[in-house]
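Structural characterization, general
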Amino acid sequence: MTQMNMIQALNSALDVLLTDDPDTLTFGQDVGYFGGVFRVTEGLQKKHGVTRCFDTPISEGGIVAAAIGMAAYGLRPIVEIQFADYILPAYDQLVSEAARLRYRSGGQFWAPMTVRAPYGGGIFGGQTHSQSPEAIFAHITGLKTVIPSNPYDAKGLLIAAVEDDDPVIFLEPKRIYNGPFDGRQNQSLRTWANEATAEVPEGRFTVPLGKAAVVREGREATVLAYGTMVHVAAAGINDSGVNAELIDLRSIVPLDIDTIIASVRKTGRCVILHEASRFGGFGGELSALVQERCFHHLRAPIERVAGWDTPYPHAFEWDYFPGPTRLADALRRAMEA
Amino acid sequence: MTQMNMIQALNSALDVLLTDDPDTLTFGQDVGYFGGVFRVTEGLQKKHGVTRCFDTPISEGGIVAAAIGMAAYGLRPIVEIQFADYILPAYDQLVSEAARLRYRSGGQFWAPMTVRAPYGGGIFGGQTHSQSPEAIFAHITGLKTVIPSNPYDAKGLLIAAVEDDDPVIFLEPKRIYNGPFDGRQNQSLRTWANEATAEVPEGRFTVPLGKAAVVREGREATVLAYGTMVHVAAAGINDSGVNAELIDLRSIVPLDIDTIIASVRKTGRCVILHEASRFGGFGGELSALVQERCFHHLRAPIERVAGWDTPYPHAFEWDYFPGPTRLADALRRAMEA
Amino acid sequence: MRDLPYGLIRVLDDGGDAVGPWNPNLSAEVLVAGLRAMLLTRAFDDRMFRLHRQGKTSFYMKSTGEEAIGAAQSMALDANDMSFPTYRMLSWLMAREYPLEDLVNQIFSNANDPLKGRQLPILYSARDYGFYSLSGNVGSRFGAAVGWAMASAFKHDTKIAIAHIGDGTTAEGDFHEALTFASVYRAPVILCVVNNQWAISTYSGFAGGESTTFAAKALAYGLPGLRIDGNDFLAVWAATEWAAERARTNNGATLIELFTYRAAAHSTSDDPGKYRPVDEAAHWPLGDPVERLRGHITRLGIWDDTKHEALIAGLDSTVRLAVKAGEAIGTLGKSKPSVKEMFEDVFATPDWRLIEQRRELGI
Amino acid sequence: MRDLPYGLIRVLDDGGDAVGPWNPNLSAEVLVAGLRAMLLTRAFDDRMFRLHRQGKTSFYMKSTGEEAIGAAQSMALDANDMSFPTYRMLSWLMAREYPLEDLVNQIFSNANDPLKGRQLPILYSARDYGFYSLSGNVGSRFGAAVGWAMASAFKHDTKIAIAHIGDGTTAEGDFHEALTFASVYRAPVILCVVNNQWAISTYSGFAGGESTTFAAKALAYGLPGLRIDGNDFLAVWAATEWAAERARTNNGATLIELFTYRAAAHSTSDDPGKYRPVDEAAHWPLGDPVERLRGHITRLGIWDDTKHEALIAGLDSTVRLAVKAGEAIGTLGKSKPSVKEMFEDVFATPDWRLIEQRRELGI
Ligand SMILES: Cc1ncc(C[n+]2csc(CCOP(=O)(O)OP(=O)(O)O)c2C)c(N)n1
Ligand SMILES: Cc1ncc(C[n+]2csc(CCOP(=O)(O)OP(=O)(O)O)c2C)c(N)n1
Ligand SMILES: [Mg+2]
Ligand SMILES: [Mg+2]
């Protein structure tokens, strides 16, 4: 076990993968010589060579297309899109090609590839360095979508994603790369040091896709969250005084429906928290699923606490960001309903 | 008033627009000389000239980018994407540019443009001529999404979409271009002849965006649908014997929340019907909204009847397509809950 | 290299002789096999088009006039190379003797459809025949071909990739991205533009074909661009061999423009009489690839009308038999794979949603 | 035309004389105004970079070494033409005397931010200055420039569009799609590749710049491609004038490669010492555009060191004043536009969601 922040944990995962499996390789804009703008691939080119870790043209569509071809050949490419906001030029490749290849070819071809992208806000990145596009992937049949919330999970989930035989979108909450963040932007920065989840084995291990974590048990309400929002939720639950259970979904496809349902049937209340805009966001799916399966157990309306239905606004980051206060309010409302 | 099928109604809308406003123009693959693969632009180039209605390269990204530039200049471009399945290469342009232009420029620039695309299944078109991607647009702040269900609405909504000062995605359910379709694929084809909604004024009129239609009043349950599914819903309601209210949303952004809520508060039951895959689909948002706002009125779980979570499967079209039987079953379940 | 893309490489002259430096000097056996593949493609296309009229399939597309391309390339390349085709590359499969019954079963979407009912007719996938999974989206596999080729190089493998794109489809961003990657990484790939002059109803000028040649697009990437008479089996063969040699010796990618003509309708949904003279094909200056190869081998003395008629008759009955076999299983709507197949292969292993939904559907 | 893209068009020779057929013969006044715009850009950039270190803004990007481009083009084109810029085109705005305070207010995201707090610093929008709304996505406005130009032609207007893209960003599909449309529709647009050799940490070879020139990409579209010394104010001016004349006379688009060097870090988030020699800029063979124009006008006898120092001092204090004014309103986090602005301009008129959410936030 070593203390790692999330960047180190991801780097360690990649290192393990490149070391163990000669068919893995990783590439993307500035990931080779430079080691990535967030340093996730630092040192990998030097250690594993320029054919295993390399730079690419600025062409997200081209990067993903190349990865699909490699994966169809039999490799396990891991690509980095510099910011999740810039994954959209590759959206057609991901949806029409990667996600559909196995199905449409009757199982003759498939694309075991992983697309990593730093995502989410909280870093004053403005409109195009802050978005949370998970909903546009969750709806696509044939794609899996994973979102870790801490260094241990980041490493274990990334290795599991690469081992997986289907294409996986791996969204890395960049706000918590260097330390947990509970949404209280005025407090001093925390690091991962001394966090239990920052104790990460140096070797190979996996955290399975589709298995949520009950981060905190509770009796009165269930909070569903992922990524940065897991930390915000913990803070909001504390503030609320509600005895709430906190579930970190870890992957939204596959979704751990059993854990969710068991919790809400127990608590009778559910609040969903995500950073993306509310309308049409993944919270809608979660709300619908919970409602469908726990209708008779619900004691209060399921609420969604999420980003407003506006683009991500630079100067209003903390007005937009769904922080602990909004979650706490929702929990209290649920208790009073 | 004239009898028009949906293609004629759309053609008439475009004709009216091109006639009335010299700043409108329409273009896309095969839309000029040929008149469009579904004939929606037939005769327009001949009548209005080659600068007002023209063919384009096979480049959805380029088409939408050009439209954005034209719209920013001050024109009102109306573009056709040959199939909604092929809109994905333009997704980045729509999301990162068209949808965000007004906001990010502080209101200096905006993009009053309309993107038409035939969409949905039921025509044995297989995976890439059948998809229903409305959910990936509904989530995008700054985009509007419109889906007509009959010739009258098609014309009135298209004119309203073009008059609108924001970018509008206009999805045309191709299965009902030539006649209503209730999901019973074994019955003989119907045409629009003698349908009340096929009586369409020849001149200019609008159907406002954001105003749903109560297609059929009912007391016991509310069915929410749009596009082809409005006809399927009508058939399913009949089959079910449930006295259900049927709401045709007409536009999903803006969404007519008031009409929806009023209906569900009255009926206490709600079934949502759409053709797109269920998981992460727009039905999740509808379900969440209804649950949030009608919690204490609900007498049964809100159900979603939708496409399965698979790609659109050619030979299994009628196994995939959410037909009247599945809707009727859901309504009966709701009554028994 | 800078002038190359502006010429037109031909081997078969108007009289049917093989002339000039590009002559691949093929054996009689190979020439006849090529002709056979082309004729089989044509016979099959014609038959399927008619079956569509009879409602036995939902859709069909012919490659009439373009048969030399797939046939010559399929034969010129190695069995383990991978093609990333368009929907007009049936002759690739024909040259490799892909079972006709499998084609028919997919076209009928019947119980024996090798793609399990999930894909449109003609959007084949045939891994063992070096034929990558087709899809309705045009262009979106051009970059995958480059990635596949990069993977082969990465593994120190000698396999190469070949990809095709229509003249109209070169306007997609995919085209540019693939060529950029091919150039930057020196990928062992042959990138082909099949310039058949038409993209449904629009002529190649709408893809920029009036301003320059498609082969000249190679110059933007510092790659060699060859402009080939696509109706000349020998020229297609020679250019493909040249590019394959270049790729296999790690000298990188080549862009080949195959200049041809789409003689038939775009698809069963199309009516070309609406946008082009109905006799344009007959006046196409580069002729019919089948007749040209036939003329050549006739001139070589290894072929004659009797043999030709016999071959056609034989192929017709081969096709007929395959269709019969397919019909015995069932045509569109009369037979289909198990509905279970709808829920398979979404993922390697179905998740709870698929399992539940399959149960919901009662199967 | 086919050889044009492989040369390098220069006007200012190494001695500082304006030579050759491309000399635009500018007046002394214009030359000094150009120098002023470039120096102002540099002074402003330097100051802002320092303010970022002090935490007064969230982000900054310099255009050091590339100032000739925006300055010359902004001046050579008409007030009503529209530029679709990259984030390194500040000198366009400087040449058109965009108010420095507005720049500063956006950079501080303060209450007077002209973009109402919604956009990052430096991603300006200045409609009245012919400067289209920037965004963080690179490349995605290249096609809009073509559409804007098509619209102008459609309206029989004489306005033209000019667009910029970085060398690295030419690898995006947007680049190809824009050029295809520009070629097919003969759009009155000037499409410029600013080849500053670097794309964050990767050199231009990763965009194919080692295999050919960026100007040569014009050949793929049958368009003229000019390769210009981008550090030569006069050459940039002349090429832009040439292309503008071509566009305005309905002869279509031109691709211009502006060969230059990104002398500073990519942005405030970058450390170029990690990937390139720190003194590379000093050894750049084409020199510093400011010094080259200064040398030229000094040689012309209309400029000297005293004037130069005085100009710099004046500009410095102009910048200082603008910063003071901005600081008085507030720096990052100390002042911001009304939070109401978060909910405005999503649509022309907010829908119920935005109205409800604004209420939910209590404003
Ligand atoms: C991405 C995408 N856009 C549009 C279409 C509709 N479409 C199908 S074929 C075709 C024309 C293709 O022309 P070309 O590339 O020249 O190929 P050809 O049919 O001539 O072989 C079009 C526009 C599509 N299938 N995919
Ligand atoms: C679509 C997209 N992909 C990636 C990025 C991240 N990014 C920002 S600037 C940059 C490098 C651009 O290089 P170049 O085009 O040469 O412009 P320069 O910075 O040299 O002016 C990259 C990769 C982005 N902003 N947008
Ligand atoms: Mg073609
Ligand atoms: Mg650059």
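Higher on the page you've got the structure.
Let us look at the structure shown here. In this text the structure is predicted, and so the values were computed from the model without any measurement.

With that settled, consider the coordination of the magnesium ion (ligand 4). Residues and elements named next belong to chain D. Within the protein, Asp167 (OD), Asn196 (OD1) and Trp198 (O) serve as the donor atoms for the magnesium ion (ligand 4), at 2.0 Å. Mapped onto the polypeptide sequence, the residues donating to the magnesium ion (ligand 4) form the spacing pattern D-x28-N-x1-W. Of the two residues, Asp167 sits in the loop between β2 (161-166) and α6 (173-184) while Trp198 sits in strand β4 (residues 198-199), which places them 31 residues apart along the sequence. Taken as a pair, Asp167 and Trp198 share a single burial class, namely buried.

Residue and element names in this part refer to chain A. Among the eight residues in strand β13 (residues 270-277), eight count as buried, and that is most of the element. The sheet contact formed by strand β10 (residues 221-225) and β13 spans three bridges and is parallel. Of the residues in β13, the one forming a bridge with Thr222 is Cys270. As judged from the four bridges shared by β13 and strand β14 (residues 303-307), these two strands associate in the parallel manner. Its bridge partner being in β14, Ile272 is matched across the sheet by Arg304. Between the parallel elements β13 and β14, the chain passes through helix α10 (residues 282-294) in a crossover that is right-handed.

Note on the identical chains: chain D maps onto chain C by a rotation of 180° and an axial translation of 0.0 Å, with an RMSD of 0.0 Å. Those values place the two copies in the arrangement expected of a two-fold rotation axis. Within chain D, Gly173 of chain D has its C-alpha nearest the rotation axis, a separation of 1.9 Å. Residue by residue, 100% of the interface of chain D is reproduced at the interface of chain C, so both copies engage with the same surface.

What follows is about the sheet that holds strand β10 (residues 221-225) of chain B. Residue and element names in this part refer to chain B. The five strands lie next to each other as β9-β11-β10-β13-β14, forming an open sheet whose pairing is mixed. Sheet topology places β9 (213-216) and β14 (303-307) at the edges, where each strand pairs with a single neighbour. For this sheet, the mean angle separating the axes of adjacent strands, direction not counted, is 25°.

All names here are of chain B. Across the five residues that make up strand β2 (residues 24-28), a large majority, five, are buried. Side chains of β2 alternate between two faces, with Thr24, Thr26 and Gly28 and Leu25 and Phe27 buried alike. Here five bridges tie β2 to strand β4 (residues 76-80), and the two strands are oriented parallel to one another. When the sheet's bridge partners are listed, Thr24 is paired in β4 with Arg76. Note: β2 against strand β3 (residues 53-55), three bridges, orientation parallel. Bridge pairing in β3 links Gly28 to Asp55.

Attention now moves to helix α8 (residues 289-299) of chain D. All names here are of chain D. Residues of α8 that are buried: Pro289, Val290, Arg292, Leu293, Arg294, His296 and Ile297. Its side-chain oxygen at 2.9 Å from the backbone nitrogen of Val290, Asp288 defines the N-terminal cap of α8. Remark: Gly301 follows α8 within two positions and exhibits a positive phi of approximately 85°.

Here the focus is the coordination of the magnesium ion (ligand 3). Residues and elements named next belong to chain C. Of the protein atoms, only Asp167 (OD), Asn196 (OD1) and Trp198 (O) coordinate the magnesium ion (ligand 3), at distances of 2.0 to 2.1 Å. In primary-sequence terms, the residues that donate to the magnesium ion (ligand 3) follow D-x28-N-x1-W. For Asn196, a relative accessible area of 5% puts it in the buried group.

Quick look at the pattern of salt bridges now. All chains considered together, the criterion is met by 97 salt bridges over all chains. The salt bridge partner of Arg39 of chain A is Glu42 of chain A, with a shortest N-O separation of 3.1 Å. Judged by relative accessible area, Arg39 of chain A falls into the buried class, the value being 18%. What makes Glu42 of chain A partly exposed here is its relative accessible area of 40%. Between Arg118 of chain C and Glu341 of chain C there is a salt bridge, and its shortest N-O distance comes to 2.8 Å. Residue Arg118 of chain C is found in the loop between α4 (100-107) and α5 (142-154), and its partner Glu341 of chain C is found in the loop between α9 (305-329) and α10 (352-360); the two are separated by 223 residues along the sequence. When salt bridges that share partners are traced, they join Arg10, Asp14, Asp229, Asp232 and Arg292 of chain C into one network.

Analysis parameters
Residues numbered from 1 in each chain as written. Chains lettered and ligands numbered in written order. Predicted model: local features only at pLDDT ≥ 70, side-chain atom pairs only at ≥ 80, totals over all residues. Heavy atoms only, no water. Donors = N, O, S within 2.8 Å, 3.2 Å for Na, K, Ca; no water. Helix = DSSP H or I, 4+ residues; strand = E, 2+ residues; numbered from the N terminus. Buried < 20%, exposed > 50% of the residue type's maximum accessible area, 1.4 Å probe, protein only. Pairing = 2+ DSSP bridges. Right-handed = clockwise from strand over helix to strand, strands pointing away. Least-squares fit on C-alpha atoms with pLDDT ≥ 70 in both. Contact = heavy atoms within 4.5 Å. Axes fitted to C-alpha atoms, helices over the stretch in contact; angles between N-to-C directions. Polar contact = N/O pair within 3.5 Å; in protein donor to acceptor, adjacent residues only side chain to side chain. Salt bridge = Lys/Arg side-chain N within 4 Å of Asp/Glu carboxyl O.

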